Every structure is written in structure tokens, then in C-alpha cells.
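Observations on chain architecture
Now for the letters of each chain:
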4 protein chains.
Amino acid sequence: MTIFKNITPIRYEGPDTNNDLAYRVYNKDRVVLGKRLEDWLRPAVCYWHSFNWPGNDIFGAGTLPRPWLGPVITQEMADQKLEAAFDFFTRLGVPYFCFHDVDAMATAHNLNEHQTNLKKIEEGFAAKIQQTGVKLLWGTANLFSHPRYAGGAATSPSAEVYAWASAQVRYMLEATHRLGGQNYVLWGGREGYDCLLNTDLKRELDQFGRFLSLVVEHKHKIGFKGTILIEPKPFEPTKHQYDRDTATVFAFLQKYGLEKEIKVNIEVNHATLAGLDFEHEVAAAITYGIFG
Amino acid sequence: MTIFKNITPIRYEGPDTNNDLAYRVYNKDRVVLGKRLEDWLRPAVCYWHSFNWPGNDIFGAGTLPRPWLGPVITQEMADQKLEAAFDFFTRLGVPYFCFHDVDAMATAHNLNEHQTNLKKIEEGFAAKIQQTGVKLLWGTANLFSHPRYAGGAATSPSAEVYAWASAQVRYMLEATHRLGGQNYVLWGGREGYDCLLNTDLKRELDQFGRFLSLVVEHKHKIGFKGTILIEPKPFEPTKHQYDRDTATVFAFLQKYGLEKEIKVNIEVNHATLAGLDFEHEVAAAITYGIFG
Amino acid sequence: MTIFKNITPIRYEGPDTNNDLAYRVYNKDRVVLGKRLEDWLRPAVCYWHSFNWPGNDIFGAGTLPRPWLGPVITQEMADQKLEAAFDFFTRLGVPYFCFHDVDAMATAHNLNEHQTNLKKIEEGFAAKIQQTGVKLLWGTANLFSHPRYAGGAATSPSAEVYAWASAQVRYMLEATHRLGGQNYVLWGGREGYDCLLNTDLKRELDQFGRFLSLVVEHKHKIGFKGTILIEPKPFEPTKHQYDRDTATVFAFLQKYGLEKEIKVNIEVNHATLAGLDFEHEVAAAITYGIFG
Amino acid sequence: MTIFKNITPIRYEGPDTNNDLAYRVYNKDRVVLGKRLEDWLRPAVCYWHSFNWPGNDIFGAGTLPRPWLGPVITQEMADQKLEAAFDFFTRLGVPYFCFHDVDAMATAHNLNEHQTNLKKIEEGFAAKIQQTGVKLLWGTANLFSHPRYAGGAATSPSAEVYAWASAQVRYMLEATHRLGGQNYVLWGGREGYDCLLNTDLKRELDQFGRFLSLVVEHKHKIGFKGTILIEPKPFEPTKHQYDRDTATVFAFLQKYGLEKEIKVNIEVNHATLAGLDFEHEVAAAITYGIFG
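So, a few notes on the structure that sits alongside this text. (Residues numbered from 1 in each chain as written. Chains lettered and ligands numbered in written order. Predicted model: local features only at pLDDT ≥ 70, side-chain atom pairs only at ≥ 80, totals over all residues. Heavy atoms only, no water.)

1. Comments concerning the pattern of salt bridges
When their charged atoms lie close together, side chains carrying opposite charge are able to pair. Scanning all chains against the criterion turns up 48 salt bridges over all chains. Taking the shortest distance from any N to any O, the salt bridge between lysine 202 of chain B and aspartate 206 of chain B comes out at 2.8 Å. Of this pair, lysine 202 of chain B and aspartate 206 of chain B both sit in helix H7 (residues 201-222), four residues apart, which is roughly one turn of that helix. Put simply, lysine 233 of chain C and glutamate 236 of chain C hold a salt bridge, and the shortest N to O gap is 3.1 Å. Linked by salt bridges that have partners in common, Asp29, Arg36, Glu38 and Asp39 of chain A make up one network. (Salt bridge = Lys/Arg side-chain N within 4 Å of Asp/Glu carboxyl O. Helix = DSSP H or I, 4+ residues; strand = E, 2+ residues; numbered from the N terminus.)

2. Quick notes on the interface of chain A and chain D
Put simply, an interface is often sized by how much accessible area is lost when its parts join up. On the side of chain D, 25 residues touch chain A, which itself brings 25 residues to the contact. Counting each side, the surface lost to burial between chain A and chain D is near 1900 Å², with a carbon and sulfur contribution of 61%. Put simply, chain A and chain D have two salt bridges between them. A salt bridge links lysine 239 of chain D to aspartate 277 of chain A; the nearest nitrogen and oxygen atoms lie 3.4 Å apart. The set of elements that each furnish at least two residues to the side of chain A that touches chain D consists of helix H7 (201-222), helix H8 (246-255) and helix H10 (278-288) of chain A. Taken together, the residues of the side of chain A that touches chain D sort by class into twelve nonpolar, six polar and seven charged. (Contact = heavy atoms within 4.5 Å. Buried area = accessible area lost by both parts, 1.4 Å probe. Nonpolar A, V, L, I, M, F, W, Y, C, P; charged D, E, K, R; others polar.)

3. Some thoughts on the relation of the copies chain C and chain B
In screw terms, the move from chain C to chain B is a rotation of 180° and a rise of 0.0 Å along the axis, fitting with an RMSD of 0.0 Å. Classification of the inter-copy transformation places it as that of a two-fold axis. Closest approach to the rotation axis among the C-alpha atoms of chain C is made by alanine 251 of chain C, whose C-alpha sits 1.9 Å away. (Least-squares fit on C-alpha atoms with pLDDT ≥ 70 in both.)

4. Structural notes on the sheet that holds strand E8 (residues 227-230) of chain A
Residue and element names in this part refer to chain A. Judged by pairing direction, the sheet is parallel, and its six strands sit side by side in the order E3-E4-E5-E6-E8-E10 without closing on themselves. Both edges of this open sheet fall to strand E3 (44-46) and strand E10 (262-264), since each of them pairs with a single strand only. If you compare each strand with its neighbour and ignore which way they point, the axes differ by 30° on average. Pairing of strand E6 (residues 183-186) with E8 involves four bridges; the strand directions are parallel. Considered in E8, the bridge of valine 185 is made with leucine 229. (Pairing = 2+ DSSP bridges. Axes fitted to C-alpha atoms, helices over the stretch in contact; angles between N-to-C directions.)

5. A word on helix H5 (residues 111-132) of chain B
Residues and elements named next belong to chain B. Compared with an ideal rise of 1.5 Å per residue, which puts 22 residues at 32 Å, H5 spans 31 Å between its outermost C-alpha atoms and is within 8% of the ideal. Buried within H5 are the following residues: His114, Asn117, Leu118, Ile121, Glu122, Gly124, Phe125, Lys128 and Ile129. Close packing links the buried residues of H5 with helix H2 (47-50), helix H3 (75-92), strand E4 (96-100), helix H4 (101-104) and helix H6 (159-178). The N-cap of H5, judged by a side-chain oxygen 3.1 Å from the amide nitrogen of asparagine 112 a few residues on, is asparagine 110. Phi for glycine 133, located one or two positions after H5, is positive at around 85°. (Expected span 1.5 Å × (residues − 1). Buried < 20%, exposed > 50% of the residue type's maximum accessible area, 1.4 Å probe, protein only. Polar contact = N/O pair within 3.5 Å; in protein donor to acceptor, adjacent residues only side chain to side chain.)

Structure follows, in C-alpha cells:
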């Protein structure tokens, strides 16, 4: 039983319903140009927005009670979160979910534990997917929250950090593959620089290119058929992120011969932050042949 | 003994020194237009920048070990921080410091504890000021980090939150007075709105005007001779903050008859965030007669 | 006969019309909350957008042929423009128009000519208003296009320029009054500074305050019942304009005792340029009691 | 004799000079890291800034009297401008100048006239260069001021406009070559879109790629050894310009196989407009191997 147990499944009831917990406008079964809205939009609930954020901002402490969050996440907390998450997905009636490795698993203190804990929660996901029919839209590894990534992940000057990043992506790519995920996403929030004076731009880009080549190589090796997607963002948390916008990503992909292998996952607000707009980014990605 | 015990006091050694821990450019005793640089600039170390921030950002956990920080601050931790802070101030050779109430004191769970814990650390400050000669530039109350302030402090729709805010400012204004503080600052990071649809702008401004009138009244009652300063900022954390810039503050002060009593504490980056610049804000404040 | 002679009057024909020159969505007679749309919105055609702009930008010459435009506007050209304008207004079916003095009149080389030429076109307007029923929403004087205003109009350091500005506003306020205009608008595109180093901010604001006091005084003297409106804009063409946003205007109006006499005319894009939004500016103006 | 005849040549006189028309800081002969400042900086006067702009902005008429400017430029006016320009360059003591074709030549009404008039002024330039020693840093064709370019030059949907653009660049590239210009620059102020709804992005980029390939082909054909440079700018006048920033240009150059042939000419304010900074753009261009 989860905290949502008293919530009746949310359904489309039209614009005139008095029910606060109802869809008024979105009707997943409405057919537009020959396709159901749900099939056009493929809505997904993201673990990090709905289950891992305590409602804090940089000036204030969390305002949302989340019994499954804390400085260290135990397996029990991870399991409780999983239970609540799938209860939420099914009552909300969405077809997909997404997660970062560390959003879902128990806290790990070394790579062995990381692999073990991720495997444990993967088993939970597999059972829930089987049981509910909610599918994995995409998986992704969190290479930005742990202090080790303060200076970059694939672009860190530390070989140990690069190895950690590689291992996290490998495990998560494999888990995504086994869970039937449709794509695999990379968001490089720490792949960038805060100051040019202590950054060797060429070396970091080469390292990043090599890293992504390994991801593509491993994808083919394990037979994953989904698309590898980069999510562009111009800055925040890093002052300048290498995956600034679609054009910058396309420049990078061509330089490292990856333009046939990797596409972009465009986010509205990231486009705006870059001084562009969503429509431009979509049009640019289509023009460059990298629309994900 | 603090973590700074092996740091030799930092002194001006000129641009050619090989000593990493030396002032190369700033020479506090250099006389410019008849006044020492230190007297022109009045540099201060702020508790919140140097002692209370664990090096986190919104996408990542803290990277700075601070033994005196934690989810709950005990009196021992507060004392250890005080010891380190004054050791830092004196080795750095700065004449002033600043703090918010909760930066310095042990965590309080109710107003009685708040008053008691603030009093305890005030005693620590008084002794250190006496002993080191470092002076309090200004004090301020933190009305934004605790979840109770998520919807505003003086502009909160909750009477209890308004009372908490009033009490915090009263205690801190009195402490600042007793510690010889030169000014008292109010930064209204939560005094604003995130959405106009659930905000009664006029009522919130009236409430804020009444609050500041009480602060001014209490200042005169206790005989505090320092200036009450508002620190303008356009947004962040709140989408729109009422103290947006100098002109907006001046509009507000005139509306509530406070333009002779309250001045502004201008911050360079806040001016930039507002689409203005520091020089403009200084010139505007002088023109309006509210330059703090 | 004007260039619009072959254009059939534009009417509401609903969303399914095949007629390119028809209103598809806007139906002026549709009643919303007890009032016709046209009465809610009071749409007006502005002379400067539709008749005085040759389609140029700062990097390129004009692209729109306008037989009534040129380096010098003769009375014949002004009359031709008037004819075309009212033909346009009536075929479009809008109830109001707006103009700056120099938008409509023949080019003047001194104040006498200015007064004479404005009077001539005013007579044309009076006849057209009578004949078509199209009404004047507001009048305004152009105090920014002529080189004399490069350093300000009411805030110019030149007494002669100040006198020109005063005379233009006086004549135009009187013309607006006689033509039954509903409001009088002031947009201070050159009232600001490009560099603080050569600007005496206090003196310029005092001069601007005195100027607006004269406008208000004259309004009452001639019995004009419409509202005097300031149109805020943060910058462009001047680096910093004194009427930056609603709050800044309110600060100014209070300082010079004008807050009961002058209100604001808010423009969506000017709000955005100031880092605010239209809704905020409207809400702020209502809160301050200066919503025009 | 030009309007500068009473201006004594400007020289370095050091920070303490009382002479208003002197270099106080910049000393062209000062050697820094083994090279004269003038050789590091290669300062140039641009015709368009100093001789072709009448001091107007979008809200106001020109404020600078320029006897050689007018709606139509005669050969006499072009010659007078040339005389004044070289008098200015030599009295200022700068080693280089730059110009667009139409900045310098008499107004042309067709391509034959364009070619003839450009040739005439080229002869004037050749004589002046010979006589003064001032050199051509780079030449460029103006493909943005004439109304024909309102919808693009190389990306215009009109074949005639494309032909005009090609001819202008050809003539100017050849003139630059004959005048000993060190580089040839392309700024695509109209190569972009104002609205995605009426723009075929892929087709315009392909057309632009073909155009630049022709420029490179012609450069080699005529034996010009200088570098072809694109000057990135994100927008203004066009809402979105294809040469947005260095990364976007690099994406484009790779797509059309031009990354070994074309480099970038970075401008500080264009970088800022793109939400980047000059240092980033320089570092990116060096990293990509396209620093001009």
C-alpha cells in the first residue's frame, strides 16, 4: 500500500468535470491525424522530478516530505520508492517512465556496490513493468550529482572519475537494454568548463568524443537497438556546457564521426536558455538529420 | 586551535611576491584621496559565503568539508564555527564581518529556543569582537531558508509565519545593536510571487510596508543608530521579488512613507540580473536620497 | 481614390472562410461578459506603424513604397496620406486611430511652421472624423526623431530644445483635445542617458518632473478630460530610459507629486525588454493606482 | 584638402599629455613579447563605421553631417570620401583599412554599372595605398542593405538575387586580391530566417553551402592567398542568422566540406549577443582549427 492508495485512477472527464483529479483537456485516446494522442506524445513520468526532488532550491531547504529520501538511501527506501512510483504511474495512466541509475537504486559506496544495487532495483523494475505494462522510455546515468563529478565526468582530468563515468554508463546502458528501454540519454551537465584558464578545451572535447564512441561501440556490442541521445543545454550547472545546443552538438558529432550514431533529445527550456526556441531546435535537428 | 592554525597572517607583499597567500594588489594602508583603502572599502567576510555553504549547487551535493555543518547544528558546532571564523578574519586581516542569525547559532525548533540560541552565540561574538577588534558591519535575519518561508515571510499569508519573521528580525536587530553593528540589512528573497494568479499584490505590499514600519519603529525604540538597508534583487529564488531594483524600492518606500528611514544595499550581480548595472543603481540611489 | 480602392471592406467571416481578407477569429460584435469585443479591446491603427515606416531596418533601406514619404513631406503628401489612412481605417473596420504630430503633418522648419502645419492637418482629421466616425484614441508628440532631440527633449541640456519639446506637446495636447482624443500619451525615448559620466541624473529628473507638471497644468487649463499617460520602456533608443517600467514611473511620479495625475500606457514588448511581463506590469499599475 | 586638414597627425604622447588628440595608452611601437603592438593588433579603420554612417538610429534621423552621403552617391562624392578617408587614416596613423564594395563606390543601378563603379574606386584605392602605405586588411561585399536582399542573398529564394550576390562577391574578391587585401570576409546578415513557417531550412543551408563553395573555388582560380572568413552573428537584422556563433559555423562548414577552407572573424559584441563571450569564441575557433 502506498501513499497514493486513496487516489482513484485519473481519467479523462472533459472540460466540465468537477473532479479536481481528472484530465480536462488531454484525452489519450483522441485520434489526431490517424494516431492516438498518447502515441503522438508518449508522455513519461521522470523519477527525478516526481520522486527524487525534496522541493528545495538553492536558498531553502526541502518542503516536500519524501519518506524514501535521505542522505543515504537504503534498499528498503529504494523499494518503497519503486512501489510508490509504479502506483503513481498506473493511477495517472501514463504509458512510460524514465530514470537515472542513482534516482532508483540504494546508495553505493564503490563500483561493486553500484553494480549490485543497480541490478537489485533493475529486478524490481522488470517485475513492475511486467505487472503494470508501464514501459521504460529511456534510461540515463547520473554523472553530475556526486562530488566526484564536480570537474566533469567524461571530461574530468581524473582517470578514476572517467572510469566511474564509463562504468555507470555501461551498467545503465545494459540495464536499459534488458528493461526494453526505447532510447538511452546522456545529459552532460558537468561536461563543460567554469573557467577557460584552467581548461584544455581541445583535450576535453577529444576525451568526450572518445567516451561517446565507446558508448556507441558498447551499444552495438550488446545489441541495443534504441537511439543514443544527447540532451543539449547551454549552461547550468556548468558555466559553459559542451552540448550547448543542437548546432554545437552537430559540430561535435561530425568532428568525431558520430553524426550517424547519436541524435538529440531537445528540451524546451534548454532551447530558451540558449537564446533559441524549441521550434528552431527541432527544425535544426531535422535539417542536420539528428532529430531523436 | 582551528583548521587555519598553520596559515601565517596574510599581508600585502606587492605584485612580485612568490607567496601564494599574500595580497598582491590590495594594500589596506595605501592612502587614496586622503583616506586609507580599508576605510574606503570596509571589506567584510560574510558567514554565509565562507562558513555556511558546503559547496553544493542545485544539481550536485556539497564538495567542501565543513565539520560545523549538518542537518542540525549543535551549540558545539556553532562554537567551533565561531572559533574558525574569527581565526579566519584575523589571519586574513579584514576589519569587518556580517552574519544572518541562523548562520551562526545552534538550530532552534521554536521561538524560545531561537531566542536562547541566538543569545548564546551573541555572547560568543561579543567576546571575540572584544578580543580581536574585528567589528560587525551589519546583521540580518534569514527569512528564506526554513520551509516555513516558502510562501513569503512578511508577505506570507500565514499569521504564524509573519510572527516568526517579526520575532527573528526583532531579536536580530537587538543583537546587532548590542554588538555595535553599523547597519541592519533586510534581503527579501521570499518577498515576492511565483504566480500572479494566487497572489494579492496590493495586500502583500501593504503587509510588507507595515512590517518595515514596525522594524523602523523598533529601531528607534531601542536607540539603534545604524541605517536600515534593503538589498534589492529582481528574482531568484522567487520569480518576481518586490525589492526588484533601486527604483522599485524607492516607489515602495514613498508609498509607505519610509523614504527617510530606509536605504538600499546594492549588490553588483543583483543589478546585472535586473538588466541594469552597478553604476546605475548607485547613481539612482544617490539621486533618490537612499544610498546606504 | 486611394491605393485601397479595390479592397472590399474587411468583415468577420468565421474560421472557415476562403477569403484571405477577412476576420477569421476576431468578431467585433461578439459579446463577452456583457460587453462587445470592440468595446473591450478598443483596437486602433497607429499612423507610425502603418503609414510612416518605409520598411527599413538599421542594416537596410526601405522596402515598402509609400508615395507620401520622403526627406521632406509637403502638404500634398500629408493630405494624400490622410486620405489613404482613413480609407484604410474604414475598410478595416477599426473604431480608433492614433498619431504623433509629425507623422501626419507637412515637414516644418521652425515652430511657426510647425504650429501652422499641424493646424492644417488637424482640420483634415476633424473632417475625416466627422465623415467616417473613426475616433482618435490618443495623440502624442514625436520628441525623438529630429536630430535636435539626440540628447533628450524635456531632459535636454539645451533650453531651446526644451522649449521646442514644450511647444510641440502644447500644440499636440490642444489638437488632441479639439479632436476629441480620449487620452494623451508621452513616450520618452530620448529621456534617459547613454553614459552616466556626462549626465546629471538628479537635474535631468527634476527637469523632467517640471516638464510633466507643466503638461498636467496645461491639460487642466484647457479643460482636457482625458488621461495623461506615460508609456514605459527600459531602453532603445537610449541606453537607459527614465520611464523604465511601471515601478520606476511610479517612483518618479510620487517624487514629483504627479501620482494622481499621470497613469501608464503599458506595451507588451516593452515589459519583456525590461525583464518583466505584461501581466506583471498591469498588476503593478493597478496596485499603484496608475493603470491607464 | 579635406575636413581634417587642421588636424595634426595623432601620436603617442603618454598618459600625462594635455593634448586631446593624442594616444595616451596605445603606443604602436611598444614591443610586447617580441612584437610591436601594431603588429599584434593590426588596427584598421572601417569605412562603414567612420565614413558611411550618418549618426542615425531606428528612432531618429542622422546627426552627423557627411557631405559625401546621400540617397544616391555620385562618383564625385565617392572620390571626396576616398580623399577624406585616407587623410583620416594617415593622420590617425593606422596601418590598415576595410570596406564593403558599396561603402566606397558610386551608386550603381545594374550589374554593369556596379562593376564599372567598383573598378573606378578600386583605382582610387590603388593609388592611395601606393601613396600612403596604408594597406587593405580585408574587403567584403555588402549583401544586406539593398532591398533586393530583404529575403536573403545566397539564401534568397530568387535566382536573380542569388546571381547579384554572386557577382558582387566575385567582383569584390577580385578587387581585394588586386589591392593586396590580406583576407576576404563574409557577413551574412540576411542569411537566416524571420519565420520558420515560410523557410525551407535544409534548402537554404544547401544553397548557402553551394555559394560558399563557389567563393572558395573562385579564390583558388584567381590565386588569392588570403583567408576566406565568415563573421558569426546570432541575429540582427534577421531573427535567426545561420552563422550564429563559431560552433554553428563549424557544424555548417563540416557539413559542406569547407572546414579546411573557411575560418571565422570573431567580433566581441556578436559573441555577447549569442550568450557567449569573446574568449570562448576564440578558444572554440582554435579548438576547431578555424581561427582566422
